[in-house]
Amino acid sequence: MQKAQINGSALIKMLLPKLESSMYKGQNGKILVIGGSKEYTGAPYYAGVSSLKAGGDIAHIICPEEASIPIKSYSPELIVHPCLNDIQETLKWMDACTSVVIGPGLGREEKLGQTLNEIIDKVQDNKQLKLVGDADFLWFISQSSHKFVIQEQIKQLGKQVILTPNIVEFQRFMHHEYNIKEYQKLELEFFESNRNTCGILDNDEVINKEVAQLSRAFNNCIILKKGVVDIITDGVTSYYVATEGSLKRCGGQGDILSGVLGAFVNYSENLPSDQFEQSQKSLLSVVAASHATRLISYAGYLDKTISLTAPDIINNMSQVTPVLANHVFLSDLLDSGVLFILTKKSNFKSQPSIHLFNNVQWDTAGQERYRTITNAYYRGADGIILVFDLYKRDSFNNLHSWLKEVEKHAKNDVHIIIIGNKADKEEPAEVTEADMQKFTADTGIQIYTASAKSGKNGLIKCQRKLIWVEQCWKSKKNERKQACEAKGEQRSHY
Ligand SMILES: NC(=O)C1=CN([C@@H]2O[C@H](COP(=O)(O)OP(=O)(O)OC[C@H]3O[C@@H](n4cnc5c(N)ncnc54)[C@H](O)[C@@H]3O)[C@@H](O)[C@H]2O)[C@@H](O)CC1
Ligand SMILES: Nc1ncnc2c1ncn2[C@@H]1O[C@H](COP(=O)(O)OP(=O)(O)OP(=O)(O)O)[C@@H](O)[C@H]1O
(Lines give C-alpha, C1' and ligand atoms only; values in the text may rest on other atoms or scores of the structure.)
(Ligands and ions follow the chains in the order given, each with its own letter.)
Protein backbone atom coordinates (compact mmCIF):
# COMPACT_ATOMS: atom_id res chain seq x y z
CA MET A 1 0.00 0.00 0.00
CA GLN A 2 1.24 3.54 -0.81
CA LYS A 3 2.25 5.61 2.22
CA ALA A 4 2.05 9.32 3.07
CA GLN A 5 5.18 10.76 1.55
CA ILE A 6 7.68 13.44 2.45
CA ASN A 7 10.14 15.13 0.11
CA GLY A 8 13.52 13.81 1.27
CA SER A 9 15.49 16.14 -0.98
CA ALA A 10 13.60 19.22 0.21
CA LEU A 11 14.39 18.09 3.73
CA ILE A 12 18.10 17.95 2.94
CA LYS A 13 17.94 21.42 1.48
CA MET A 14 16.37 22.86 4.62
CA LEU A 15 18.80 21.00 6.83
CA LEU A 16 22.12 21.74 5.12
CA PRO A 17 23.76 24.85 6.51
CA LYS A 18 23.73 27.97 4.35
CA LEU A 19 27.36 28.93 4.02
CA GLU A 20 28.29 32.54 4.72
CA SER A 21 31.55 34.53 4.74
CA SER A 22 31.15 35.23 8.45
CA MET A 23 31.33 31.56 9.44
CA TYR A 24 34.14 30.18 11.53
CA LYS A 25 35.71 26.74 11.63
CA GLY A 26 33.68 24.31 13.68
CA GLN A 27 30.35 26.07 13.35
CA ASN A 28 29.05 23.34 11.07
CA GLY A 29 30.02 20.57 13.38
CA LYS A 30 33.01 18.97 15.04
CA ILE A 31 32.52 15.24 14.81
CA LEU A 32 34.27 12.77 17.04
CA VAL A 33 34.52 9.18 15.79
CA ILE A 34 35.41 6.62 18.43
CA GLY A 35 36.42 3.33 16.83
CA GLY A 36 39.09 1.41 15.04
CA SER A 37 41.14 -1.53 16.21
CA LYS A 38 44.11 -3.55 15.07
CA GLU A 39 41.93 -5.33 12.48
CA TYR A 40 39.63 -2.55 11.41
CA THR A 41 41.19 0.76 10.46
CA GLY A 42 39.03 1.47 7.41
CA ALA A 43 35.73 1.80 9.27
CA PRO A 44 36.58 4.86 11.44
CA TYR A 45 38.31 6.45 8.48
CA TYR A 46 35.19 6.04 6.30
CA ALA A 47 32.99 7.50 9.05
CA GLY A 48 35.32 10.46 9.71
CA VAL A 49 35.85 11.42 6.09
CA SER A 50 32.15 11.03 5.30
CA SER A 51 31.26 13.37 8.14
CA LEU A 52 33.51 16.01 6.59
CA LYS A 53 32.16 15.48 3.10
CA ALA A 54 28.63 15.74 4.48
CA GLY A 55 29.46 19.26 5.62
CA GLY A 56 31.20 18.87 9.00
CA ASP A 57 34.16 21.21 9.59
CA ILE A 58 36.40 19.05 11.76
CA ALA A 59 36.63 15.31 12.35
CA HIS A 60 38.52 13.77 15.25
CA ILE A 61 39.16 10.06 15.57
CA ILE A 62 39.82 8.38 18.89
CA CYS A 63 41.31 4.93 18.39
CA PRO A 64 43.77 2.55 20.02
CA GLU A 65 47.47 3.12 19.47
CA GLU A 66 47.83 0.29 16.95
CA ALA A 67 45.17 1.74 14.62
CA SER A 68 46.35 5.33 14.62
CA ILE A 69 49.22 5.27 12.11
CA PRO A 70 47.20 3.55 9.37
CA ILE A 71 44.27 5.95 9.90
CA LYS A 72 46.53 8.99 9.87
CA SER A 73 48.17 7.77 6.70
CA TYR A 74 44.83 7.44 4.91
CA SER A 75 44.00 11.09 5.33
CA PRO A 76 45.58 14.28 6.65
CA GLU A 77 42.03 15.62 7.07
CA LEU A 78 41.43 13.52 10.15
CA ILE A 79 42.76 14.51 13.56
CA VAL A 80 43.73 11.19 15.05
CA HIS A 81 44.18 10.66 18.79
CA PRO A 82 45.59 7.26 19.75
CA CYS A 83 44.11 7.55 23.23
CA LEU A 84 41.24 5.07 23.46
CA ASN A 85 42.98 3.43 26.41
CA ASP A 86 43.29 6.75 28.20
CA ILE A 87 39.78 7.61 29.31
CA GLN A 88 40.58 11.09 30.65
CA GLU A 89 42.08 12.11 27.32
CA THR A 90 39.09 10.62 25.49
CA LEU A 91 36.62 12.56 27.65
CA LYS A 92 38.58 15.73 27.06
CA TRP A 93 38.15 15.41 23.30
CA MET A 94 34.47 14.74 23.72
CA ASP A 95 34.18 18.20 25.28
CA ALA A 96 35.66 19.68 22.12
CA CYS A 97 33.09 18.12 19.78
CA THR A 98 29.45 18.57 18.83
CA SER A 99 28.57 14.96 17.98
CA VAL A 100 30.02 11.53 18.63
CA VAL A 101 29.95 8.49 16.33
CA ILE A 102 30.90 5.39 18.24
CA GLY A 103 31.50 1.83 17.09
CA PRO A 104 32.94 1.64 13.56
CA GLY A 105 35.74 -0.91 13.66
CA LEU A 106 35.87 -0.71 17.47
CA GLY A 107 36.24 -4.44 18.01
CA ARG A 108 34.71 -6.38 20.88
CA GLU A 109 37.36 -6.68 23.56
CA GLU A 110 35.67 -7.08 26.92
CA LYS A 111 37.82 -4.44 28.58
CA LEU A 112 36.30 -1.79 26.30
CA GLY A 113 33.00 -2.14 28.19
CA GLN A 114 34.23 0.05 31.04
CA THR A 115 35.45 2.71 28.62
CA LEU A 116 32.05 2.75 26.93
CA ASN A 117 30.33 3.25 30.30
CA GLU A 118 32.40 6.36 30.94
CA ILE A 119 31.89 7.71 27.45
CA ILE A 120 28.11 7.37 27.72
CA ASP A 121 28.14 9.02 31.14
CA LYS A 122 29.95 11.92 29.58
CA VAL A 123 27.25 12.26 26.92
CA GLN A 124 24.75 12.46 29.77
CA ASP A 125 26.58 15.49 31.15
CA ASN A 126 26.22 17.39 27.89
CA LYS A 127 22.62 17.48 26.71
CA GLN A 128 23.61 19.11 23.40
CA LEU A 129 25.80 16.18 22.39
CA LYS A 130 24.34 13.54 20.05
CA LEU A 131 25.63 9.98 20.13
CA VAL A 132 25.45 7.90 16.96
CA GLY A 133 26.01 4.23 17.84
CA ASP A 134 26.90 1.69 15.15
CA ALA A 135 28.65 -1.63 14.52
CA ASP A 136 30.52 -2.99 17.56
CA PHE A 137 28.92 -0.47 19.89
CA LEU A 138 25.62 -2.22 19.07
CA TRP A 139 27.26 -5.52 19.86
CA PHE A 140 28.25 -4.21 23.30
CA ILE A 141 24.66 -3.12 23.97
CA SER A 142 23.13 -6.42 22.90
CA GLN A 143 25.72 -9.15 23.52
CA SER A 144 28.52 -8.20 25.91
CA SER A 145 28.74 -8.84 29.63
CA HIS A 146 28.31 -5.08 30.08
CA LYS A 147 25.05 -5.02 28.19
CA PHE A 148 22.67 -4.42 31.09
CA VAL A 149 24.64 -1.45 32.38
CA ILE A 150 24.94 0.05 28.91
CA GLN A 151 21.25 -0.50 28.19
CA GLU A 152 20.32 1.42 31.34
CA GLN A 153 22.65 4.23 30.30
CA ILE A 154 21.09 4.40 26.85
CA LYS A 155 17.67 4.69 28.46
CA GLN A 156 18.90 7.70 30.42
CA LEU A 157 19.92 9.40 27.19
CA GLY A 158 16.71 8.77 25.23
CA LYS A 159 16.65 10.85 22.05
CA GLN A 160 20.25 11.96 22.43
CA VAL A 161 21.12 8.53 21.02
CA ILE A 162 20.78 7.29 17.45
CA LEU A 163 21.37 3.57 16.97
CA THR A 164 21.90 2.26 13.44
CA PRO A 165 21.56 -1.54 13.36
CA ASN A 166 21.59 -3.54 10.14
CA ILE A 167 19.30 -6.54 10.17
CA VAL A 168 21.83 -8.87 11.82
CA GLU A 169 22.58 -6.32 14.52
CA PHE A 170 18.87 -5.69 14.98
CA GLN A 171 18.11 -9.37 15.39
CA ARG A 172 20.61 -9.51 18.27
CA PHE A 173 18.26 -7.28 20.26
CA MET A 174 15.33 -9.64 19.80
CA HIS A 175 14.42 -12.00 22.60
CA HIS A 176 12.66 -14.41 20.30
CA GLU A 177 13.38 -16.41 17.17
CA TYR A 178 13.83 -13.89 14.37
CA ASN A 179 13.53 -14.93 10.77
CA ILE A 180 15.77 -12.57 8.79
CA LYS A 181 14.78 -14.02 5.40
CA GLU A 182 11.07 -13.62 6.12
CA TYR A 183 11.56 -10.08 7.35
CA GLN A 184 13.60 -9.12 4.29
CA LYS A 185 10.88 -10.52 2.04
CA LEU A 186 8.39 -8.14 3.65
CA GLU A 187 10.83 -5.27 3.31
CA LEU A 188 11.30 -6.03 -0.37
CA GLU A 189 7.55 -6.03 -0.96
CA PHE A 190 7.32 -2.70 0.82
CA PHE A 191 10.21 -1.36 -1.22
CA GLU A 192 8.60 -2.38 -4.50
CA SER A 193 5.38 -0.51 -3.65
CA ASN A 194 7.15 2.58 -2.32
CA ARG A 195 10.33 2.65 -4.39
CA ASN A 196 12.15 5.97 -4.47
CA THR A 197 10.00 7.65 -1.88
CA CYS A 198 10.35 8.62 1.77
CA GLY A 199 7.36 8.81 4.03
CA ILE A 200 5.56 8.21 7.24
CA LEU A 201 5.18 4.71 8.59
CA ASP A 202 2.57 3.37 11.00
CA ASN A 203 4.03 2.12 14.24
CA ASP A 204 2.24 -1.18 13.81
CA GLU A 205 3.25 -1.62 10.15
CA VAL A 206 4.65 -5.12 9.99
CA ILE A 207 8.20 -4.06 8.99
CA ASN A 208 8.27 -1.39 11.69
CA LYS A 209 6.50 -2.86 14.66
CA GLU A 210 9.50 -4.38 16.39
CA VAL A 211 11.78 -1.48 15.48
CA ALA A 212 9.41 0.98 17.15
CA GLN A 213 9.12 -1.37 20.13
CA LEU A 214 12.90 -1.46 20.51
CA SER A 215 13.01 2.32 20.47
CA ARG A 216 10.37 2.49 23.20
CA ALA A 217 12.28 -0.10 25.24
CA PHE A 218 15.23 2.33 25.13
CA ASN A 219 13.18 5.31 26.26
CA ASN A 220 12.46 6.48 22.73
CA CYS A 221 16.04 6.66 21.52
CA ILE A 222 16.15 7.08 17.75
CA ILE A 223 16.65 3.90 15.78
CA LEU A 224 17.63 3.77 12.13
CA LYS A 225 17.23 0.17 11.04
CA LYS A 226 19.20 -0.18 7.83
CA GLY A 227 18.14 -2.46 5.02
CA VAL A 228 16.29 -2.71 1.74
CA VAL A 229 14.15 0.01 3.31
CA ASP A 230 15.61 2.17 6.08
CA ILE A 231 13.25 2.61 9.02
CA ILE A 232 13.68 5.57 11.34
CA THR A 233 11.68 5.77 14.53
CA ASP A 234 11.58 7.21 18.02
CA GLY A 235 8.86 4.76 18.97
CA VAL A 236 6.18 7.43 18.56
CA THR A 237 6.73 8.67 15.02
CA SER A 238 8.23 6.52 12.30
CA TYR A 239 9.52 7.17 8.81
CA TYR A 240 10.72 4.99 5.98
CA VAL A 241 13.31 5.79 3.35
CA ALA A 242 12.95 3.70 0.20
CA THR A 243 15.28 5.83 -1.91
CA GLU A 244 17.12 3.72 -4.45
CA GLY A 245 20.51 2.83 -2.99
CA SER A 246 23.52 0.90 -4.22
CA LEU A 247 22.89 -2.67 -5.34
CA LYS A 248 26.51 -3.52 -4.64
CA ARG A 249 26.64 -4.21 -0.93
CA CYS A 250 30.32 -3.49 -0.33
CA GLY A 251 31.60 -3.19 3.24
CA GLY A 252 31.83 0.28 4.71
CA GLN A 253 28.47 1.66 3.58
CA GLY A 254 27.22 1.58 7.15
CA ASP A 255 30.33 3.49 8.24
CA ILE A 256 29.64 6.11 5.60
CA LEU A 257 26.08 6.47 6.85
CA SER A 258 27.25 6.86 10.45
CA GLY A 259 29.64 9.63 9.34
CA VAL A 260 26.90 11.43 7.40
CA LEU A 261 24.70 11.11 10.47
CA GLY A 262 27.46 12.49 12.67
CA ALA A 263 27.36 15.64 10.51
CA PHE A 264 23.61 15.85 9.90
CA VAL A 265 22.57 15.61 13.57
CA ASN A 266 24.37 18.90 14.07
CA TYR A 267 22.08 20.56 11.55
CA SER A 268 18.72 19.60 13.02
CA GLU A 269 18.14 23.09 14.42
CA ASN A 270 18.34 24.45 10.86
CA LEU A 271 14.88 23.02 10.24
CA PRO A 272 12.41 25.90 10.49
CA SER A 273 10.34 25.87 13.66
CA ASP A 274 7.24 27.11 11.89
CA GLN A 275 7.23 23.94 9.79
CA PHE A 276 8.62 21.34 12.17
CA GLU A 277 7.88 20.47 15.75
CA GLN A 278 10.93 20.61 17.96
CA SER A 279 10.48 16.96 18.91
CA GLN A 280 10.68 15.93 15.24
CA LYS A 281 13.84 17.75 14.24
CA SER A 282 16.40 15.15 15.32
CA LEU A 283 14.36 12.36 13.82
CA LEU A 284 14.11 14.20 10.52
CA SER A 285 17.83 14.89 10.40
CA VAL A 286 18.25 11.10 10.54
CA VAL A 287 15.73 10.64 7.72
CA ALA A 288 17.69 13.19 5.67
CA ALA A 289 21.00 11.40 6.36
CA SER A 290 19.54 8.09 5.26
CA HIS A 291 18.09 9.59 2.07
CA ALA A 292 21.34 11.41 1.26
CA THR A 293 23.51 8.35 1.85
CA ARG A 294 21.34 6.19 -0.36
CA LEU A 295 21.34 8.79 -3.15
CA ILE A 296 25.10 9.13 -2.91
CA SER A 297 25.59 5.36 -2.90
CA TYR A 298 23.30 5.00 -5.89
CA ALA A 299 25.25 7.62 -7.85
CA GLY A 300 28.46 5.73 -6.98
CA TYR A 301 26.85 2.48 -8.03
CA LEU A 302 25.78 3.89 -11.40
CA ASP A 303 29.37 4.83 -11.96
CA LYS A 304 31.15 1.67 -10.78
CA THR A 305 28.48 -1.05 -10.61
CA ILE A 306 30.03 -4.34 -9.43
CA SER A 307 33.41 -2.74 -8.79
CA LEU A 308 31.99 -0.24 -6.30
CA THR A 309 33.95 0.13 -3.05
CA ALA A 310 33.38 2.42 -0.08
CA PRO A 311 36.03 4.96 -1.20
CA ASP A 312 34.22 5.29 -4.55
CA ILE A 313 31.11 6.40 -2.69
CA ILE A 314 33.08 8.76 -0.50
CA ASN A 315 34.92 10.25 -3.45
CA ASN A 316 31.63 10.80 -5.20
CA MET A 317 30.23 12.71 -2.25
CA SER A 318 31.88 16.01 -3.07
CA GLN A 319 30.19 15.91 -6.46
CA VAL A 320 26.86 14.66 -5.26
CA THR A 321 26.27 16.50 -1.96
CA PRO A 322 26.32 19.96 -3.55
CA VAL A 323 24.20 18.55 -6.36
CA LEU A 324 21.70 17.43 -3.76
CA ALA A 325 21.38 20.98 -2.58
CA ASN A 326 21.09 22.18 -6.17
CA HIS A 327 18.61 19.47 -7.00
CA VAL A 328 16.41 20.67 -4.33
CA PHE A 329 16.77 24.27 -5.25
CA LEU A 330 15.94 23.50 -8.83
CA SER A 331 13.22 21.06 -7.95
CA ASP A 332 11.51 23.89 -6.09
CA LEU A 333 11.31 25.62 -9.44
CA LEU A 334 9.89 22.49 -10.96
CA ASP A 335 7.40 22.02 -8.14
CA SER A 336 8.48 18.54 -7.13
CA GLY A 337 10.89 15.71 -7.62
CA VAL A 338 14.52 15.55 -8.46
CA LEU A 339 16.22 17.27 -11.29
CA PHE A 340 18.67 15.22 -13.25
CA ILE A 341 21.14 17.01 -15.36
CA LEU A 342 22.68 15.38 -18.38
CA THR A 343 25.96 16.75 -19.55
CA LYS A 344 28.95 15.61 -21.51
CA LYS A 345 31.96 14.65 -19.48
CA SER A 346 34.48 17.24 -20.57
CA ASN A 347 32.22 20.25 -20.79
CA PHE A 348 31.56 20.96 -17.18
CA LYS A 349 34.83 20.20 -15.47
CA SER A 350 34.68 23.46 -13.57
CA GLN A 351 31.08 22.75 -12.59
CA PRO A 352 31.23 19.58 -10.55
CA SER A 353 28.17 20.60 -8.61
CA ILE A 354 26.00 20.22 -11.64
CA HIS A 355 27.85 17.24 -12.91
CA LEU A 356 25.82 14.31 -11.67
CA PHE A 357 25.49 12.60 -14.98
CA ASN A 358 28.98 12.54 -16.24
CA ASN A 359 29.84 9.30 -17.88
CA VAL A 360 27.61 9.08 -20.88
CA GLN A 361 29.37 8.91 -24.16
CA TRP A 362 28.24 8.61 -27.71
CA ASP A 363 30.22 6.65 -30.18
CA THR A 364 30.79 7.91 -33.68
CA ALA A 365 27.57 6.35 -34.95
CA GLY A 366 25.62 8.32 -32.38
CA GLN A 367 24.86 5.20 -30.38
CA GLU A 368 24.72 5.74 -26.70
CA ARG A 369 26.87 3.56 -24.50
CA TYR A 370 25.80 2.82 -20.92
CA ARG A 371 22.18 2.80 -22.05
CA THR A 372 20.84 1.12 -18.93
CA ILE A 373 22.48 3.73 -16.78
CA THR A 374 20.91 6.64 -18.57
CA ASN A 375 17.49 5.06 -18.61
CA ALA A 376 17.48 4.98 -14.84
CA TYR A 377 18.17 8.69 -14.77
CA TYR A 378 15.62 9.59 -17.41
CA ARG A 379 12.82 7.93 -15.50
CA GLY A 380 13.36 10.04 -12.40
CA ALA A 381 13.97 13.32 -14.19
CA ASP A 382 11.69 16.31 -14.00
CA GLY A 383 14.16 18.43 -15.87
CA ILE A 384 16.99 17.69 -18.23
CA ILE A 385 19.77 19.99 -19.25
CA LEU A 386 21.61 18.97 -22.39
CA VAL A 387 25.01 20.51 -22.81
CA PHE A 388 27.01 20.55 -26.00
CA ASP A 389 30.34 22.10 -26.87
CA LEU A 390 30.12 25.08 -29.25
CA TYR A 391 33.56 24.10 -30.51
CA LYS A 392 32.74 20.45 -31.19
CA ARG A 393 30.36 19.98 -34.04
CA ASP A 394 29.77 16.31 -33.13
CA SER A 395 28.48 17.22 -29.71
CA PHE A 396 25.92 19.50 -31.38
CA ASN A 397 24.93 16.84 -33.91
CA ASN A 398 24.40 14.42 -31.03
CA LEU A 399 21.61 16.59 -29.64
CA HIS A 400 19.15 14.85 -31.92
CA SER A 401 20.15 11.48 -30.47
CA TRP A 402 19.76 12.87 -26.97
CA LEU A 403 16.32 14.22 -27.75
CA LYS A 404 15.21 10.90 -29.17
CA GLU A 405 16.31 9.23 -25.95
CA VAL A 406 14.51 11.85 -23.90
CA GLU A 407 11.35 11.33 -25.91
CA LYS A 408 11.60 7.59 -25.51
CA HIS A 409 12.42 7.32 -21.82
CA ALA A 410 11.60 10.50 -19.93
CA LYS A 411 8.24 11.63 -18.65
CA ASN A 412 6.00 13.42 -21.16
CA ASP A 413 6.13 16.65 -19.23
CA VAL A 414 9.88 16.74 -18.69
CA HIS A 415 11.43 20.20 -19.01
CA ILE A 416 14.41 20.54 -21.34
CA ILE A 417 17.09 23.17 -21.58
CA ILE A 418 19.90 23.07 -24.14
CA ILE A 419 23.12 24.91 -23.42
CA GLY A 420 26.00 25.53 -25.79
CA ASN A 421 29.07 25.65 -23.55
CA LYS A 422 32.41 27.53 -23.94
CA ALA A 423 30.79 30.81 -25.01
CA ASP A 424 33.73 32.62 -23.37
CA LYS A 425 36.06 31.77 -26.29
CA GLU A 426 36.84 34.54 -28.76
CA GLU A 427 37.48 32.51 -31.93
CA PRO A 428 34.57 31.57 -34.20
CA ALA A 429 32.71 28.53 -32.91
CA GLU A 430 32.19 25.37 -34.96
CA VAL A 431 28.51 25.61 -34.22
CA THR A 432 27.17 28.86 -35.65
CA GLU A 433 24.19 31.04 -34.76
CA ALA A 434 22.59 29.88 -37.99
CA ASP A 435 23.00 26.21 -36.95
CA MET A 436 21.33 26.89 -33.66
CA GLN A 437 18.52 28.86 -35.23
CA LYS A 438 17.86 26.03 -37.65
CA PHE A 439 17.85 23.57 -34.75
CA THR A 440 15.31 25.73 -32.93
CA ALA A 441 13.16 26.02 -36.04
CA ASP A 442 13.21 22.21 -36.45
CA THR A 443 12.60 21.27 -32.84
CA GLY A 444 10.95 24.28 -31.24
CA ILE A 445 13.69 24.20 -28.58
CA GLN A 446 15.71 27.34 -27.91
CA ILE A 447 19.46 26.99 -27.34
CA TYR A 448 21.22 29.11 -24.74
CA THR A 449 24.94 29.74 -24.80
CA ALA A 450 27.03 30.03 -21.66
CA SER A 451 30.42 29.28 -20.22
CA ALA A 452 31.16 26.99 -17.32
CA LYS A 453 34.72 28.34 -17.29
CA SER A 454 34.31 32.10 -17.28
CA GLY A 455 30.84 32.30 -15.85
CA LYS A 456 29.51 33.99 -18.98
CA ASN A 457 25.75 34.09 -18.70
CA GLY A 458 25.97 33.22 -15.04
CA LEU A 459 26.97 29.60 -15.26
CA ILE A 460 29.82 29.62 -12.81
CA LYS A 461 28.61 30.78 -9.43
CA CYS A 462 26.22 28.31 -7.98
CA GLN A 463 23.53 30.71 -6.91
CA ARG A 464 23.67 32.84 -10.03
CA LYS A 465 23.72 29.80 -12.19
CA LEU A 466 20.55 28.55 -10.63
CA ILE A 467 18.82 31.87 -11.10
CA TRP A 468 19.98 31.82 -14.67
CA VAL A 469 18.60 28.34 -15.15
CA GLU A 470 15.34 29.44 -13.63
CA GLN A 471 15.03 32.27 -16.13
CA CYS A 472 15.80 29.96 -19.03
CA TRP A 473 13.36 27.45 -17.72
CA LYS A 474 10.51 29.88 -17.58
CA SER A 475 11.22 31.43 -20.95
CA LYS A 476 11.81 28.02 -22.44
CA LYS A 477 8.39 26.87 -21.38
CA ASN A 478 6.76 29.93 -22.91
CA GLU A 479 8.65 29.45 -26.15
CA ARG A 480 7.66 25.83 -26.47
CA LYS A 481 4.08 26.83 -25.86
CA GLN A 482 4.22 29.59 -28.45
CA ALA A 483 5.92 27.30 -30.99
CA CYS A 484 3.20 24.70 -30.54
CA GLU A 485 0.42 27.23 -30.74
CA ALA A 486 1.96 28.69 -33.90
CA LYS A 487 1.80 25.22 -35.46
CA GLY A 488 -1.77 24.78 -34.21
CA GLU A 489 -0.70 21.97 -31.84
CA GLN A 490 -2.27 21.57 -28.43
CA ARG A 491 -0.41 19.89 -25.56
CA SER A 492 -1.20 19.33 -21.93
CA HIS A 493 2.44 20.09 -21.03
CA TYR A 494 5.10 22.25 -22.62
N1 LIG B 1 37.30 -1.73 6.17
C2 LIG B 1 36.92 -1.84 7.43
O3 LIG B 1 37.66 -1.57 8.36
C4 LIG B 1 35.52 -2.26 7.72
C5 LIG B 1 35.25 -2.64 9.01
N6 LIG B 1 34.02 -2.99 9.40
C7 LIG B 1 33.90 -3.33 10.81
O8 LIG B 1 33.90 -4.73 10.92
C9 LIG B 1 33.41 -5.07 12.20
C10 LIG B 1 32.47 -6.23 12.08
O11 LIG B 1 31.35 -5.86 11.29
P12 LIG B 1 30.34 -6.95 10.68
O13 LIG B 1 29.27 -6.20 9.96
O14 LIG B 1 31.11 -7.98 9.95
O15 LIG B 1 29.74 -7.53 11.99
P16 LIG B 1 29.10 -8.89 12.43
O17 LIG B 1 30.11 -9.71 13.10
O18 LIG B 1 27.94 -8.48 13.17
O19 LIG B 1 28.73 -9.66 11.09
C20 LIG B 1 27.57 -9.53 10.49
C21 LIG B 1 27.47 -10.64 9.48
O22 LIG B 1 26.15 -10.65 9.01
C23 LIG B 1 26.15 -10.76 7.62
N24 LIG B 1 24.95 -10.06 7.12
C25 LIG B 1 24.80 -8.72 7.01
N26 LIG B 1 23.59 -8.43 6.50
C27 LIG B 1 22.98 -9.63 6.30
C28 LIG B 1 21.71 -10.00 5.81
N29 LIG B 1 20.84 -9.09 5.40
N30 LIG B 1 21.40 -11.30 5.74
C31 LIG B 1 22.28 -12.23 6.15
N32 LIG B 1 23.50 -11.93 6.63
C33 LIG B 1 23.85 -10.66 6.70
C34 LIG B 1 27.42 -10.15 7.14
O35 LIG B 1 27.85 -10.74 5.93
C36 LIG B 1 28.38 -10.46 8.28
O37 LIG B 1 29.03 -11.67 8.04
C38 LIG B 1 32.75 -3.80 12.74
O39 LIG B 1 33.60 -3.19 13.66
C40 LIG B 1 32.65 -2.93 11.53
O41 LIG B 1 32.62 -1.57 11.85
C42 LIG B 1 32.86 -2.89 8.52
O43 LIG B 1 32.28 -1.65 8.81
C44 LIG B 1 33.24 -3.00 7.06
C45 LIG B 1 34.47 -2.21 6.67
N1 LIG C 1 19.36 -3.74 0.07
C2 LIG C 1 19.74 -2.48 0.09
N3 LIG C 1 19.51 -1.68 -0.97
C4 LIG C 1 19.90 -0.40 -0.96
N5 LIG C 1 20.52 0.20 0.07
C6 LIG C 1 20.77 -0.53 1.15
C7 LIG C 1 20.39 -1.91 1.22
N8 LIG C 1 20.78 -2.38 2.42
C9 LIG C 1 21.36 -1.35 3.06
N10 LIG C 1 21.35 -0.25 2.31
C11 LIG C 1 21.91 1.08 2.64
O12 LIG C 1 23.32 0.96 2.82
C13 LIG C 1 23.76 1.72 3.91
C14 LIG C 1 24.51 0.85 4.88
O15 LIG C 1 23.71 -0.21 5.31
P16 LIG C 1 24.31 -1.66 5.54
O17 LIG C 1 23.18 -2.56 5.89
O18 LIG C 1 25.18 -2.02 4.40
O19 LIG C 1 25.20 -1.36 6.81
P20 LIG C 1 26.32 -2.21 7.53
O21 LIG C 1 26.11 -3.66 7.27
O22 LIG C 1 26.33 -1.76 8.92
O23 LIG C 1 27.61 -1.69 6.78
P24 LIG C 1 29.17 -1.90 7.08
O25 LIG C 1 29.68 -2.69 5.94
O26 LIG C 1 29.75 -0.53 7.11
O27 LIG C 1 29.31 -2.58 8.41
C28 LIG C 1 22.53 2.39 4.49
O29 LIG C 1 22.48 3.71 4.00
C30 LIG C 1 21.38 1.59 3.94
O31 LIG C 1 20.28 2.41 3.71
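So, a few notes on the structure that sits alongside this text. This one's a predicted model, so the numbers in the text were calculated from it and none came from an experiment.

### Some remarks on the pairing of strand β10 (residues 230–233)
Working note: regular strand, side chains alternate between the two faces of the sheet.
So, point 1. Residue alternation in β10 divides its side chains into two sets, Asp230 and Ile232 and Ile231 and Thr233, and both sets are buried.
So, point 2. Two elements, strand β9 (residues 222–225) and β10, share 3 bridges in a ladder whose sense is antiparallel. Of the residues in β10, the one forming a bridge with Lys225 is Ile231.
So, point 3. Here β9 folds back onto β10, and the loop between the two strands holds 4 residues.
So, point 4. Inspection of the sheet shows β10 paired to strand β11 (residues 238–241) by 4 bridges, in the antiparallel sense. Note that in β11 the partner of Asp230 across the bridge is Val241.
So, point 5. Between the antiparallel neighbours β10 and β11 lie 4 residues, among them Gly235 with a positive phi of about 85°.

### What about the pattern of salt bridges?
So, point 1. Per the stated rule, a full pass over the model turns up 15 salt bridges.
So, point 2. A salt bridge links Arg195 to Glu244; the nearest nitrogen and oxygen atoms lie 2.9 Å apart. Of this pair, Arg195 sits in the loop between α9 (180–194) and β8 (198–201) while Glu244 sits in the loop between β11 and α11 (253–264), placing them 49 residues apart in sequence.
So, point 3. A residue is classified by how much of its surface remains accessible, and Glu244, at 13% relative accessible area, is buried.
So, point 4. The shortest N-O distance in the salt bridge between Asp389 and Lys392 comes to 3.9 Å.

### Points about the nonpolar core
In summary, soluble globular proteins display a tendency toward joint burial of nonpolar side chains.
So, point 1. Counting 55 residues, the largest nonpolar core has Ile71, Leu78, Ile232, Ile256, Leu261 and Phe264 as its most contacted members.
So, point 2. Ranked by residues supplied to this core, first place goes to helix α12 (residues 278–304) with 11 residues.
So, point 3. With near-sequence residues (within four places) excluded, Ile256 lies in contact with Tyr46, Ser50, Thr293, Ala310, Ile313, Ile314 and Met317.
So, point 4. Core analysis: the next-biggest nonpolar cluster, separate from the first, contains 48 residues, Leu106, Trp139, Ile141 and Ile154 among them.

### Quick word on the sheet that holds strand β2 (residues 30–34)
So, point 1. Strands sit in the order β1-β8-β11-β10-β9-β7-β6-β5-β2-β3-β4 across an open sheet of 11 strands; the sheet is mixed. Every interior strand has two partners, whereas the edge strands, β1 (5–6) and β4 (78–81), have only one.
So, point 2. As judged from the 4 bridges shared by β2 and strand β5 (residues 99–102), these two strands associate in the parallel manner. Within β5, the position partnered with Leu32 by the bridge is Val100.

Parameters and conventions
- Residues numbered from 1 in each chain as written.
- Chains lettered and ligands numbered in written order.
- Predicted model: local features only at pLDDT ≥ 70, side-chain atom pairs only at ≥ 80, totals over all residues.
- Heavy atoms only, no water.
- Buried < 20%, exposed > 50% of the residue type's maximum accessible area, 1.4 Å probe, protein only.
- Helix = DSSP H or I, 4+ residues; strand = E, 2+ residues; numbered from the N terminus.
- Pairing = 2+ DSSP bridges.
- Salt bridge = Lys/Arg side-chain N within 4 Å of Asp/Glu carboxyl O.
- Core = buried A, V, L, I, M, F, W, Y, C linked by side-chain atoms within 4.5 Å.
- Contact = heavy atoms within 4.5 Å.

Geometry only, nothing functional implied.
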